[in-house]
Amino acid sequence: AKSEASVFGFVAKQLRTHLSTRADPPLVTLVARNLDVLICDYDTCQDLLNAAVRLRQDLYPGALWKLFLCASDVDLVGRHPALQNRLQKIGDVLEQHLIGEMTLSEMTGIVVAMRRNNTVLKKSASQMTKRFMEVLRTVEEQASGAAAPEVPGEAAKSIVGTAEGTGKNWLPGGPRLLL
């Protein structure tokens, strides 16, 4: 156990050195994907977030989104509350970039990440809400050909429910549902 801890310490120190001096988007993304392994080391997590803030955000918002979502998955803020301010800085950068196309499940993941990271992205949430409402309106219009729903939103629930998790396009005759 002692040798394992010393190896982890050595590797974490080397990683912190790379993150502090030569961080690039692929390294930030790679470390973010493996954050569950490093979550116990506050200094490495801090250096990862610092490296992400230093990236050229206009070119690499994808790396920042990945880090934001992975931080949520491992409950980084719950484990290290002092790092929340850095996630807020990353969130501020993400707010400057429009969200690209995404599925409803990806939108849900972002909302969960905002809650877990204690970082509200108002512009992104507004944009996702508008897109969700457009999809809901389209689904209800398509469903109204069969039977008008008694309660608004019921048509969308029934259509989504039948294709949930199948990977099928639940907007028949339309493009793949990406928001």
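Residues numbered from 1 in each chain as written. Predicted model: local features only at pLDDT ≥ 70, side-chain atom pairs only at ≥ 80, totals over all residues. Heavy atoms only, no water.

1. What to know about the side chain of Thr119
Locating Thr119 in the fold gives a position in the loop between helix H8 (104–116) and helix H9 (122–143). The class of Thr119 is buried, set by a relative accessible area of 0%. Within the structure, Thr119 has its side chain in polar contact with the side chain of Gln84 (distance 3.1 Å). In contact with Thr119, not counting residues within four places along its chain, are Phe68, Gln84, Leu87, Gln88, Gly91 and Met114. (Helix = DSSP H or I, 4+ residues; strand = E, 2+ residues; numbered from the N terminus. Buried < 20%, exposed > 50% of the residue type's maximum accessible area, 1.4 Å probe, protein only. Polar contact = N/O pair within 3.5 Å; in protein donor to acceptor, adjacent residues only side chain to side chain. Contact = heavy atoms within 4.5 Å.)

2. A closer look at helix H1 (residues 2–21)
Helix length check: H1, at 20 residues, gives a terminal C-alpha distance of 29 Å against a target of 28 Å (1.5 Å per residue), a fit within 8%. Turning to H1, its buried residues number three or more, namely Ala12, Leu15 and Leu19. With its buried residues spanning 65 degrees around the axis, H1 presents them on a single face. Exposed side chains of H1 directed beyond 90 degrees from the buried face belong to Lys2, Ser3, Val7, Phe10, Lys13 and Thr21. Contact partners of the buried residues in H1: helix H2 (25–33), helix H3 (35–38) and helix H4 (42–54). (Expected span 1.5 Å × (residues − 1). Arc of directions from axis to C-beta.)

3. Some points on the confidence of the model for the chain
Summary statistics for the chain give a mean pLDDT of 81 and a share of 79% for residues scoring 70 or more. Element-level mean pLDDT values for the chain span from 46 in helix H10 (residues 154–163) up to 96 in helix H6 (residues 76–79). Contacts of residues 155–179 to residues separated by more than four positions or lying in other chains number 40 contacts, the stretch itself having pLDDT below 50. (pLDDT = per-residue confidence, 0-100.)

4. Some words on the nonpolar core
The biggest cluster of nonpolar side chains holds 40 residues, and the ones touching the most others in it are Leu67, Phe68, Leu76, Leu87 and Ile90. At 7 residues, the largest contribution of residues to this core is made by helix H5 (residues 61–73). Not counting residues up to four positions away in its chain, the partners in contact with Ile90 are Leu49, Ala52, Val53, Leu64 and Leu67. (Core = buried A, V, L, I, M, F, W, Y, C linked by side-chain atoms within 4.5 Å.)

5. Quick look at the environment of Leu55
Among the structural elements, Leu55 can be located in the loop between H4 and H5. Among the residues examined, Leu55 registers a relative accessible area of 7% and is labelled buried. When the C-alpha atoms of Leu55 and Asp24 are compared, they prove to be 6.9 Å apart, with 31 residues separating the residues in sequence. Setting aside anything within four residues of it in sequence, one finds Leu55 in contact with Ala23, Asp24, Pro25, Val28, Ala63 and Leu64.

6. Quick notes on the environment of Ile39
Looking at the secondary structure, you find Ile39 in the loop between H3 and H4. When neighbours within four sequence positions are excluded, Ile39 is seen to be in contact with Cys45, Val74, Leu76, Arg79 and His80.

7. Looking at H8
The terminal C-alpha atoms of H8 lie 18 Å apart, and with 13 residues this matches the ideal 18 Å at 1.5 Å per residue to within 8%. For H8, the set of buried residues is Leu104, Met107, Ile110, Ala113 and Met114. Of the residues one or two after H8, Asn118 is the one with positive phi, at around 55 degrees.

8. Brief notes about the environment of Met107
In this structure, Met107 sits in helix H8. Taking the relative accessible area as the measure of exposure, Met107 reaches 7% and is therefore buried. Sequence separation between Met107 and Arg131 is 24 residues; the distance between their C-alpha atoms is 9.8 Å.

9. Considering unusual backbone geometry
A positive phi angle, near 55 degrees, is found at Asp75, a position not held by glycine. With respect to the secondary-structure elements, Asp75 resides in the loop between H5 and H6. Accessibility expressed as a relative area gives 37% for Asp75, which makes it partly exposed. Residues other than glycine seldom take positive phi values, yet Asn118 does so here, at roughly 55 degrees. Tracing the backbone shows Asn118 in the loop between H8 and H9.

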